[in-house]
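Fold and contact review
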2 protein chains.
Amino acid sequence: MELSERQLQILQAIIYDYVENAEPVGSRSIAKRYDFGVSPATIRNEMSDLEEMGYLTHPHTSAGRVPSDKAYRLYVDDLMKKKSLSNKDKRFISDRLAANCTAFDETIKHAAKLLSEITQLTSFAMTPSSNQDIISFIKLLPADENTVILMIVGESGRIMNTTLRFEVSYSQEVLDILSKNMTVNYKGRTLDEVLESGIIADASSDIEALNSLLGKLRPTFIKTLEDMLDVNLYMEGMTNIFDIPEYSSIDRAKAFLEIFTKKEEFTRKILERADGVVVTIGDENDSMKDCSLITATYHVDGNLIGKIGVIGPTRMKYDEVTSIMEYLTNNLSETFKLTDGKDK
Amino acid sequence: MELSERQLQILQAIIYDYVENAEPVGSRSIAKRYDFGVSPATIRNEMSDLEEMGYLTHPHTSAGRVPSDKAYRLYVDDLMKKKSLSNKDKRFISDRLAANCTAFDETIKHAAKLLSEITQLTSFAMTPSSNQDIISFIKLLPADENTVILMIVGESGRIMNTTLRFEVSYSQEVLDILSKNMTVNYKGRTLDEVLESGIIADASSDIEALNSLLGKLRPTFIKTLEDMLDVNLYMEGMTNIFDIPEYSSIDRAKAFLEIFTKKEEFTRKILERADGVVVTIGDENDSMKDCSLITATYHVDGNLIGKIGVIGPTRMKYDEVTSIMEYLTNNLSETFKLTDGKDK
DNA sequence: AGTTAGCACTCTATCTAAAAGAGTGCTAAC
DNA sequence: GTTAGCACTCTTTTAGATAGAGTGCTAACT
């Protein structure tokens, strides 16, 4: 069944009102606050229909209506107008973002903080996943008699290293040969390729004399590659949720915060999401029902893709938040295009 | 005024009772539960005296007594007996600690998790402060035409690197000379020494031809050293506080959690604390009054010192928690003595 | 057929008063 | 020094009454 124009308008009005006031909306307040030229009774009838269609719910008989997840979905997909930020807001974001631009991770973290401040929600930011990063070179450095450092450098500038200790010592020359050999073998491939294809296992191409060292090195090499794939997750504004009526009970607050204690799981879920601005509402999130999650992607060097997002109650200013995030991620991508992504 | 033996016993009984039940303790329940051979009225008199001396407080006229910070301090210093862990508990800790021992940071994090699980409090762990780590060598590596990697390696095995981009390219030879030069200059000094004395500024000893590169390098060098000093802080069991009656109001919970949003400040405070098991109670903590904070130190290679701790309400099982932490940190130090601290 | 006024009905939230409970503090006796 | 007894205080619980918000239905109106 199609929704009539008036029903859409009423639904939108209810969403506005509920998002603003966090309280079930009655027919009377809609009739009064928004000028539909009809009486509360008419609105009541429409609301009843909307409820039947699943767009509204009823906490109890004598309460007003609350938009359902389905209503928010409709709103986000069809009703919502892109909100254009005021120049003041834009300048605020640009300035704050530019202010702190020394290290890459710092900038990302800063962006998350900014986002949580503006939206008054809990936000997070992730450093790019490096699985498409390309190996630039591999180097083995002797640290002392028994210690060798394995270092992998990606084209993005990302570096990862691990210290290894051996009983025997290896000469600079041996290590150099092996470094060059490994570099030749793996240079130009993405981390994913190297890890997932069995290339590492195939050592036959390596010089025989180095086989023993290479054997010892292999697990460390894999571990270092995996470390390199790790993304960093920064959370900001966690305590903001205490100011949101939805989470004013201890149980709800606890449930909300527990999401973030499982960082790995959370990270995995975020990485699975599509690029661009993505909104998932309530039940659409397998866990964290009664939350909405909005993520957006930024680019580094036009290649690597990092994510930034906010989490809050389904009752959320979707238009504002998505607009802010779009502007913010564009800005971030721009920043990382010009200055080139430095890494720790 | 000295406390009589009986007053000490009564105080201890009140502390036990309050720690267990989280409710103001009345004279009657003390008389009944602990066999002092005197009537509630007598206990009442003693309690009144204890209150006058500042060991007890009164939420309101007709409520029982609650131990003050002063009482807990007395308890921790004089009354508390060291609780010896059961073999079962010991085995549990040892096993869990040994189970996950691949990477250094992982082990630390794991220890914090374990601590929060056992105590049901919020815990944290910090990687060692490297300020006494000694520079082993410094290396400049060419990554591509415009990119140089600065790498500082400490004797502990800790490595830190930063990528630099230049307009001009430097040959392997130039970088090698500078690497050797820098290594000679700084090798054997602690990070603190190098950063705080003005050694870095004194470039006169460096070969003239390299001065321009060195000039560009200097800020990066300092930044990398500082990064190396950074300690990692891991928090575990944050949501445990929701199960503690003291924090069952949203405001209290919020205040508690806000402590951890200021990681830098918190880290600084923890680093200032003395070595060994240190207990600070309520007002003794400048911020976070009405919390108690217990920290303990573990050693890596017998040198570097990391910290692990718990935070909870002043109403806490000090004897148990301190014993667990002592055992845990000894165990950690032992682990890091044998396997040698690897670092990412 | 759509719209509207009117009104009974439902459910929640708020307020009040009363009662119960816990524990003290004091007094007088042991 | 100890204790029983008891009045007093303050909090917590309970219950009932009331007010308020909003619906859902009916019947009348356009």
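Residues numbered from 1 in each chain as written. Chains lettered and ligands numbered in written order. Predicted model: local features only at pLDDT ≥ 70, side-chain atom pairs only at ≥ 80, totals over all residues. Heavy atoms only, no water.

**A short note on the interface of chain B and chain A**
Size of an interface: often given as the accessible area lost when the parts come together. To keep it simple, the criterion reads: Residues are treated as being in contact if the distance between any of their heavy atoms lies within 4.5 Å. Buried area is a sum: the accessible area each of two parts loses on coming together, probed at 1.4 Å, counted once for each and added. Salt bridges are counted wherever a side-chain nitrogen of Lys or Arg sits within 4 Å of a carboxyl oxygen of Asp or Glu. Secondary structure elements are defined from DSSP: runs of H or I of at least 4 residues count as helices, runs of E of at least 2 residues count as strands, and each element is numbered from the N terminus. When residues are sorted by character, Ala, Val, Leu, Ile, Met, Phe, Trp, Tyr, Cys and Pro go into the nonpolar class, Asp, Glu, Lys and Arg into the charged class, and all the rest, Gly among them, into the polar class.
Counting from both sides, the interface comprises 38 residues of chain B and, opposite them, 39 residues of chain A. Across the chain B/chain A interface, buried area totals approximately 3100 Å², and carbon plus sulfur atoms make up 60% of it. Three residues, B:Arg165, B:Phe242 and B:Ile250, lead the burial of chain B against chain A; their summed loss comes to 19% of the area buried on that side. Our enumeration of links across chain B and chain A arrives at 4 salt bridges. If you list the elements that add at least two residues to the side of chain B that touches chain A, you get β4 (135-144), β5 (147-154), β6 (159-165) and α10 (250-261) of chain B. Looking at the side of chain B that touches chain A residue by residue, the classes come out as 15 nonpolar, 11 polar and 12 charged.

**What to know about the protein's contact with DNA strand D**
This is how it is decided: Residues are counted as near a molecule or strand when any one of their heavy atoms sits within 4 Å of it. Any pair of nitrogen or oxygen atoms within 3.5 Å is treated as a polar contact; in protein, a donor-acceptor pairing is required on top of that, and neighbouring residues in sequence qualify only through side-chain atoms on both sides.
The full set close to DNA strand D counts 22 residues, and A:Ser27, B:Arg6, B:Thr42, B:Thr61 and B:Ser62 are the nearest of them. In the interface set of DNA strand D, defined as its atoms within 4 Å of the protein, sugar plus phosphate atoms amount to 74%. Take A:Arg65: an N or O atom from its side chain is 3.0 Å from a phosphate oxygen of DNA strand D. One nitrogen or oxygen atom from the main chain of B:Ser39 is found 2.9 Å from a phosphate oxygen belonging to DNA strand D. Breaking the surface near DNA strand D down by element, the ones donating at least two residues are α3 (40-52) of chain A together with α3 (40-52) of chain B.

**Let's talk about the layout of surface pockets**
The rolling of a water-molecule-sized probe over the atoms marks out the regions of remaining empty space. Which entries qualify depends on this criterion: Each cavity reported here is a set of points on a 1 Å grid over the protein atoms alone in which a 1.4 Å probe fits but cannot get out, each pocket an open set with protein on both sides within 12 Å along at least five of seven lines, and each lining residue one with an atom within 4 Å of a point. Grid points are joined across faces, edges and corners, and a volume is the space filled by probe spheres set on the points.
As a volume, the second largest pocket reaches approximately 550 Å³. Lining of the second largest pocket is provided by 24 residues; of these, A:Lys139, A:Leu141, A:Gln172, B:Lys139 and B:Leu141 occupy positions nearest its centre. Taken together, the elements giving at least two residues each to the lining of the second largest pocket come down to β4 (135-144) and α7 (172-186) of chain A together with β4 and α7 (172-186) of chain B. For the lining of the second largest pocket, the element with the highest residue contribution is β4(A), accounting for 7 residues. Class assignment for the residues of the lining of the second largest pocket results in 9 nonpolar, 7 polar and 8 charged.

**Concerning the protein's contact with DNA strand C**
In the neighbourhood of DNA strand C, 22 residues make up the surrounding shell, with A:Arg6, A:Thr42, A:Thr61, A:Ser62 and B:Ser27 lying closest. A breakdown of the atoms of DNA strand C within 4 Å of the protein gives sugar and phosphate a share of 76%. A:Arg6 places a polar side-chain atom, nitrogen or oxygen, 2.8 Å from a phosphate oxygen of DNA strand C. Between DNA strand C and A:Ser39, the relevant distance is 2.9 Å, taken from a phosphate oxygen to a main-chain nitrogen or oxygen of the residue. Examining the composition of the surface near DNA strand C, we find that 4 residues originate from one element, α3(A), more than from any other. Residues that form the surface near DNA strand C fall into these classes: 5 nonpolar, 13 polar and 4 charged.

**What to know about the sheet that holds strand β5 (residues 147-154) of chain A**
Residue and element names in this part refer to chain A. Rules: Paired strands, in this sense, are two strands between which DSSP finds at least two bridges. Axis geometry follows a simple rule: fit a line to the C-alpha atoms, using only the stretch in contact for helices, then measure angles between N-to-C directions, giving values from 0 to 180 degrees.
As summarised here, the arrangement of the 3 strands in space is β4-β5-β6, forming an open sheet in which the pairing is antiparallel. Of all the strands in the sheet, the pair left with one neighbour each is β4 and β6 (159-165). Neighbour-to-neighbour, the strand axes of this sheet turn through a mean angle of 15 degrees, independent of strand direction. With 8 bridges connecting them, β4 and β5 associate as antiparallel partners. Bridge pairing in β5 places Phe 137 opposite Val 153.

**A word on the packing of helix α1 (residues 5-21) of chain B against helix α4 (residues 69-79) of chain B**
Residue and element names in this part refer to chain B. Formally: An angle below 35 degrees is treated as roughly parallel, one above 145 as roughly antiparallel, one from 65 to 115 as roughly perpendicular, and anything else as oblique. Should the near helix be turned counterclockwise from the far one by less than a right angle, the crossing is left-handed, whereas a clockwise turn marks it as right-handed.
Contact geometry of α1 with α4 gives a least axis separation of 11 Å together with a crossing angle of 110 degrees. Considering their axes alone, α1 and α4 lie roughly perpendicular with respect to each other. In this structure, α1 crosses over α4, and the sense of that crossing is left-handed. Counted together, Leu 8, Leu 11, Gln 12, Ile 15, Tyr 16, Tyr 18 and Val 19 of α1 and Ala 71, Tyr 72, Leu 74, Tyr 75 and Leu 79 of α4 form the full contact between these two elements. In terms of residue class, the contact of α1 with α4 is made up of 11 nonpolar, 1 polar and no charged.

**Comments concerning the domain arrangement of chain A**
Residues and elements named next belong to chain A. Threshold: Note that the domain bounds were set by an automatic or database domain assignment.
You can read the domains of chain A as domain 1 (5-79), domain 2 (87-128 + 231-338) and domain 3 (135-229). Taking only C-alpha atoms into account, the centre of domain 1 sits 29 Å from that of domain 2. The interface is formed by 9 residues belonging to domain 1 together with 14 residues belonging to domain 2. Three residues stand out in domain 1 for area buried against domain 2, namely Val 19, Asp 69 and Arg 73, and they jointly supply 46% of the buried area on that side. Along the contact surface separating domain 1 from domain 2 lie 2 salt bridges. Two residues, Lys 317 and Glu 20, come together in a salt bridge whose shortest N-O distance is 3.9 Å.

**Some details on the relation of the copies chain B and chain A**
The line we're drawing: Least squares is the method used to superpose the copies, on C-alpha atoms of residues holding a pLDDT of at least 70 in both.
Of the transformation placing chain B onto chain A, the axial shift is 0.1 Å and the rotation is 180 degrees, giving an RMSD of 0.1 Å. The superposition of one copy onto the other is thereby described by a two-fold rotation axis. Residues of chain B ranked by C-alpha distance from the rotation axis are headed by B:Ile250, positioned 3.2 Å from it. A shared binding surface is used by both copies, with 100% of the interface residues of chain B retained as interface residues in chain A.

**Considerations on the environment of B:Thr295**
Residues and elements named next belong to chain B. Counted only if it meets this: Burial classification: accessible surface area is computed with a 1.4 Å probe over protein chains only, and a residue below 20% of its type maximum counts as buried, one above 50% as exposed, and the rest as partly exposed.
Residue position: Thr 295 is located in strand β9 (residues 291-300). Given the relative accessible area of 0%, Thr 295 is considered buried. Between the alpha carbons of Thr 295 and Met 325 there is a distance of 8.1 Å; along the sequence they are 30 residues apart. If we skip the residues at most four places from it in the chain, Thr 295 touches Phe 124, Ile 270, Arg 273, Gly 276, Val 277, Val 278, Ile 308, Gly 309 and Met 325. At 2.9 Å, the side chain of Thr 295 forms a polar contact with the side chain of Arg 273.

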